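Residue-level listing of the chains:
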Amino acid sequence: MTLLGALSNIAAILTATVAVWAFGRYVWERRQKRLRLEQYQRDEKTAGGGQGKRTLLHLVAHLGMSESELMDAAFRSRCVRRRLGVDAQGRADRLLLEYDSGNPEDDLPG
């Protein structure tokens, strides 16, 4: 085997290793963002005030995530529900995110 062939094999192995590492980091970061959103929503709901519903702007300010990151996390979460806020004419004018564990006893304000 020539030196060039050995270097090309090493480069291929390194490329695959870096790709797997980058994908793993991407999945880990998405999971961490989802968990941050769920934890914040859970804490807000247990603290009371507004049934735990929060607008995207509120969550962007408090979690430091972009709207697209928040929407991605909300759609992947089993605990965060999307609700519509309506204006005086009954038309949807804002999107609200609310924590809902699925257990009615946990979701009641206490």
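Here the structure is shown first, and the text comes after it.
Quantities reported herein were computed from a predicted structural model and do not represent experimental measurements. (Residues numbered from 1 in each chain as written. Predicted model: local features only at pLDDT ≥ 70, side-chain atom pairs only at ≥ 80, totals over all residues. Heavy atoms only, no water.)

Participant: I keep staring at the sheet that holds strand β3 (residues 92–99) and nothing clicks. Help me out?
Facilitator: The strands making up a sheet associate through hydrogen bonds between their backbones, and the pairing can be parallel or antiparallel. If you trace the three strands from one edge of the open sheet to the other, you get β1-β3-β2, paired in antiparallel fashion. Edge positions in the sheet fall to β1 (54–55) and β2 (80–86), since each of these pairs with one other strand and no more. Pairing geometry for β2 and β3, over seven bridges, is antiparallel. The residue of β3 that forms the bridge with Val80 is Tyr99. Contacting β1, β2 and β3, helix α1 (residues 3–47) crosses the sheet at an angle of about 90° to β3. (Pairing = 2+ DSSP bridges. Helix = DSSP H or I, 4+ residues; strand = E, 2+ residues; numbered from the N terminus. Contact = heavy atoms within 4.5 Å. Axes fitted to C-alpha atoms, helices over the stretch in contact; angles between N-to-C directions.)

Participant: It is not clear to me how the packing of aromatic side chains should be interpreted in this structure. Could you clarify?
Facilitator: By convention here, two paired aromatic rings are described through the distance between centres and the angle between planes. Inspection of every chain in the model, using the stated rule, returns zero aromatic pairs. Sitting above the plane of the Phe75 ring, Arg82 keeps its charged end 4.3 Å from the centroid. (Phe/Tyr/Trp six-rings, centres within 6.5 Å; stacked < 30°, edge-to-face > 60°. Lys NZ or Arg CZ within 6 Å of the ring centre and 35° of its normal.)

Participant: Is there a simple way to think about the environment of Asp87 in this case?
Facilitator: Relative to the helices and strands, Asp87 is located in the loop between β2 and β3. The class of Asp87 is partly exposed, set by a relative accessible area of 25%. Along the primary structure Asp87 and Leu56 are separated by 31 residues, whereas in three dimensions their C-alpha atoms are 17 Å apart. At 2.8 Å, the side chain of Asp87 forms a polar contact with the backbone nitrogen of Arg91. (Buried < 20%, exposed > 50% of the residue type's maximum accessible area, 1.4 Å probe, protein only. Polar contact = N/O pair within 3.5 Å; in protein donor to acceptor, adjacent residues only side chain to side chain.)

Participant: Quick question: what am I supposed to make of helix α2 (residues 56–63) here?
Facilitator: Along an α-helix, residues three or four positions apart point the same way, because every turn accommodates 3.6 residues. Buried within α2 are the following residues: Leu56, Leu59 and Leu63. Looking straight down α2, one finds that the buried residues subtend no more than 60° of arc, so they occupy a single side. Exposed residues lying more than 90 degrees from the buried face of α2 are Leu57 and Ala61. (Arc of directions from axis to C-beta.)

Participant: I tried to follow helix α3 (residues 67–76) on my own but got confused; where do I start?
Facilitator: Of all the positions in α3, only Leu70, Met71, Ala73 and Ala74 are classed as buried. Along α3, the residues classed as buried sweep out an arc of 165° about the axis, all on the same side. Opposite the buried face of α3, by more than 90 degrees, sit the exposed residues Ser68 and Phe75.

Participant: Where do I start with the nonpolar core in this structure?
Facilitator: Within soluble globular proteins, side chains that are nonpolar tend to cluster in buried spots. Leu37, Tyr40, Leu56, Leu59, Leu63, Met65, Leu70, Met71, Ala73, Ala74, Val80 and Leu97 form the largest nonpolar core, which has twelve residues in total. Counting residues per element, the ones that place at least two in this core are α1, α2 and α3. The leading source of residues in this core is α3, at four residues. Discounting chain neighbours no more than four positions away, the residues touching Met71 are Leu56 and Leu95. (Core = buried A, V, L, I, M, F, W, Y, C linked by side-chain atoms within 4.5 Å.)

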